[in-house]
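Below, each chain spelled out in residue letters.
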Amino acid sequence: MEIDLSRPILARNDQLASRNRERLEAAGVFALDVLASPGAGKTTTILATAALLRDRYRIAVIEGDIASKVDAEKVKAHGIPAVQINTGGACHLEADMISRALDALPLADLDLVIVENVGNLVCPTEFDLGQGARIVILSVPEGDDKPLKYPQIFALADAIVLNKYDTMHVFDFDEAAFRDAVRHLNGGAPIFPISAKTGEGVEAWVAWLSERVDSARDGGLQT
Amino acid sequence: MHEMGITAEVLSAVNDAAVKAGAVRVNLVRLTIGGLTAIMPDALQFAWEAMTPGTLSEGAVLEVREVGARSRCLECATEWEHDQYDRLCPSCGSFACEVLAGNELRIDDVDVDLPETT
Ligand SMILES: Nc1nc2c(ncn2[C@@H]2O[C@H](COP(=O)(O)OP(=O)(O)OP(=O)(O)O)[C@@H](O)[C@H]2O)c(=O)[nH]1
Ligand SMILES: [Mg+2]
Ligand SMILES: [Zn+2]
């Protein structure tokens, strides 16, 4: 006997992600999913972002790692509330993990939740978390050819941060080639060259983010 | 990369459907996987063979239909097929394009055996 299922394989994750999204929207909280390779500078960029925005918004961070609490401790040391998720081997975060992390956060008292996904340019793309936007951070030492090797993550990003821009003179990073490859995948996403270390360029990136946090907050107030 | 997790989702959906139908065995499972996803059909087959023994789906054939990527330009309405790397409209160069196919990760249907009625 044939049984017609016609359902997304990840239906369970998609449902939980929608529930997360509704919850965040109702609370007027903007959630940002940060994707990048290991060591690209996710935590450093999150800290540089929070440093500029903490007087304006109430911020919390969800740290996803296969193991360890190192990143959450680092964020907490800067006085920003952080929840650590250990995926126990999984190479990406899933919506149910975010749902549990949201349970641990005072959503009514927050404006912005930044999610540091597990360092990986492949796997997180299929898993909606309920985020308001997704960004990819590529760091200069990784090379300008990464959009050609990991197209889907660059195609799905709402914005792209080019980090470690202070090291441009050390690496043969062809910025024009990088921008061209990204444009062929995703003409809509702005590219923000930054140095999370020196703070160069961070303001332009933060302005983009602030617009979205503001509109999420207005949406939450109306409901 | 995460084909084990994907396969676990497929297996639980298929076994649930089989139990609900009162089936004694699953013979065939059909999936559609889009070319823009990061899922490798070979790795799915491998995971399927590793995870099905001892379940209703033991011995079932996993049939994976791969579909290529196709988009439509929102500016000039051109529809075209493309690879993973170039999603600009070939006619007008616009990047305002809608992916029509290529992102699928879908369970289509399942063939099961019901108990023999005597
Ligand atoms: N020169 C330079 N170094 C940076 C910059 N941003 C981060 N780093 C360094 O890069 C290393 C990794 O930074 P992290 O922020 O821990 O990177 P991550 O992506 O969070 O790493 P994982 O969470 O382990 O995947 C650290 O030694 C940072 O000091 C930058 O803009 N310039
Ligand atoms: Mg980190
Ligand atoms: Zn066109």
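Note: the structure precedes this text.
The text that follows walks through the structure, step by step, so that each part is easy to find. (Residues numbered from 1 in each chain as written. Chains lettered and ligands numbered in written order. Predicted model: local features only at pLDDT ≥ 70, side-chain atom pairs only at ≥ 80, totals over all residues. Heavy atoms only, no water.)

Let us now look at the overall build of chain A. Helix and strand counts for chain A stand at eight helices and eight strands. In terms of overall dimensions, chain A is globule-like: its C-alpha atoms have a radius of gyration of 17 Å, near the 17 Å expected for 223 residues. Across its three principal axes, chain A shows a C-alpha extent of roughly 55 × 55 × 35 Å. Here chain A, with 223 residues, has 57% of them falling under the buried criterion. Partitioning the contacts of chain A with sequence separation of at least 6, the portion at a separation of at least 24 is 72%. Within the structure as shown, chain A displays about 9300 Å² of accessible surface, and the carbon and sulfur contribution to it stands at 51%. One way to put it: in chain A the 22 positive side-chain charges average out to a point 4 Å from where the 33 negative ones average out. (Helix = DSSP H or I, 4+ residues; strand = E, 2+ residues; numbered from the N terminus. Rg over C-alpha atoms; globule rule 2.2 N^0.38 Å. Buried < 20%, exposed > 50% of the residue type's maximum accessible area, 1.4 Å probe, protein only. Contact = heavy atoms within 4.5 Å. Areas by Shrake-Rupley, 256 points an atom, 1.4 Å probe, with all protein chains shown as cover. Lys, Arg positive; Asp, Glu negative; His and termini not counted. Charge placed at Lys NZ, Arg CZ, Asp CG, Glu CD.)

With that settled, consider the sheet that holds strand E6 (residues 133-139) of chain A. All names here are of chain A. Across the sheet, seven strands lie side by side as E4-E3-E5-E2-E6-E7-E8; this open sheet has parallel pairing. At either end of the open sheet lies a strand with only one pairing partner, and these are strand E4 (82-86) and strand E8 (191-193). If you compare each strand with its neighbour and ignore which way they point, the axes differ by 20° on average. Relative to E4, strand E3 (residues 59-65) runs parallel, the two sharing five bridges. Bridge pairing links Glu 63 to Gln 84 in E4. Against the sheet, helix H7 (residues 175-185) engages E6, strand E7 (159-163) and E8, with an angle of about 155° to E8. (Pairing = 2+ DSSP bridges. Axes fitted to C-alpha atoms, helices over the stretch in contact; angles between N-to-C directions.)

Let's shift gears to the coordination of the zinc ion (ligand 3). Residues and elements named next belong to chain B. Distances from the zinc ion (ligand 3) to its protein donors, Cys 73 (SG), Cys 76 (SG), Cys 89 (SG) and Cys 92 (SG), fall at 2.3 to 2.4 Å. What the four donor atoms of the zinc ion (ligand 3) show is an angle range of 105 to 116° at the metal, which sorts the shape as tetrahedral. Summarised as a motif, the one-chain spacing of the donors to the zinc ion (ligand 3) is C-x2-C-x12-C-x2-C. Using a relative accessible area of 2% as the deciding quantity, one classes Cys 73 as buried. When its relative accessible area of 34% is taken as the criterion, Cys 76 is described as partly exposed. (Donors = N, O, S within 2.8 Å, 3.2 Å for Na, K, Ca; no water. Tetrahedral: all angles 85-135°; square planar, octahedral: opposite > 155°, others 65-115°.)

Residues and elements named next belong to chain A. Looking at ligand 1, there are 18 residues lining it, with Lys 42, Thr 43, Thr 44, Glu 116 and Asp 166 nearest. A distance of 3.2 Å separates an oxygen atom of ligand 1 from a polar atom in the backbone of Ala 40. Here Lys 197 contributes a backbone N or O atom positioned 3.3 Å from an oxygen atom of ligand 1. Relative to its unbound accessible area of 650 Å², ligand 1 is 70% covered by the protein chains. Breaking the shell around ligand 1 down by element, the ones donating at least two residues are helix H2 (42-53) and helix H3 (70-77). The dominant element in the shell around ligand 1, judged by the number of residues it contributes, is H2, at three residues. Among the residues forming the shell around ligand 1, the class breakdown is three nonpolar, eight polar and seven charged. (Near = heavy atom within 4 Å. Polar contact = N/O pair within 3.5 Å; in protein donor to acceptor, adjacent residues only side chain to side chain. Nonpolar A, V, L, I, M, F, W, Y, C, P; charged D, E, K, R; others polar.)

If you look at the biggest cluster of nonpolar residues, it comprises 34 residues, and the most contacted ones within it are A:Leu32, A:Ile135, A:Trp205 and A:Leu209. Only strand E2 (30-36), H2, E3, H3, strand E5 (112-116), E6, E7 and helix H8 (202-222) of chain A provide two or more residues apiece to this core. Among the elements that line this core, the one with the most residues is H8(A), at seven residues. Formed by 25 residues, the second largest nonpolar core is a distinct cluster that contains A:Phe127, B:Val14, B:Val29 and B:Ile33. (Core = buried A, V, L, I, M, F, W, Y, C linked by side-chain atoms within 4.5 Å.)

Turning our attention to the environment of A:Gly28. Mapped onto the secondary structure, A:Gly28 falls in the loop between helix H1 (11-27) and E2. A relative accessible area of 3% means that A:Gly28 is categorised as buried.

So, about the interface of chain A and chain B. Counting residues at the interface gives 27 residues for chain A and 32 residues for chain B. Regarding the contact of chain A and chain B, the summed buried area is about 2700 Å², with carbon and sulfur atoms giving 60% of it. Looking only at chain A, the three residues that lose the most surface to chain B are A:Met1, A:Ile3 and A:Ile9, adding up to 26% of its buried area. At the junction of chain A and chain B, the tally comes to two salt bridges. One salt bridge connects A:Arg12 with B:Glu9, and the closest N-O pair in it is separated by 2.4 Å. Taken together, the connections running from chain A to chain B amount to 14 residue pairs in polar contact (both at pLDDT 80 or more). The set of elements that each furnish at least two residues to the side of chain A that touches chain B consists of strand E1 (2-8), helix H5 (146-149), helix H6 (151-156) and H7 of chain A. The element that contributes the greatest number of residues to the side of chain A that touches chain B is E1(A), accounting for seven residues. (Buried area = accessible area lost by both parts, 1.4 Å probe. Salt bridge = Lys/Arg side-chain N within 4 Å of Asp/Glu carboxyl O.)

Purely spatial values, then, with no claim about function.
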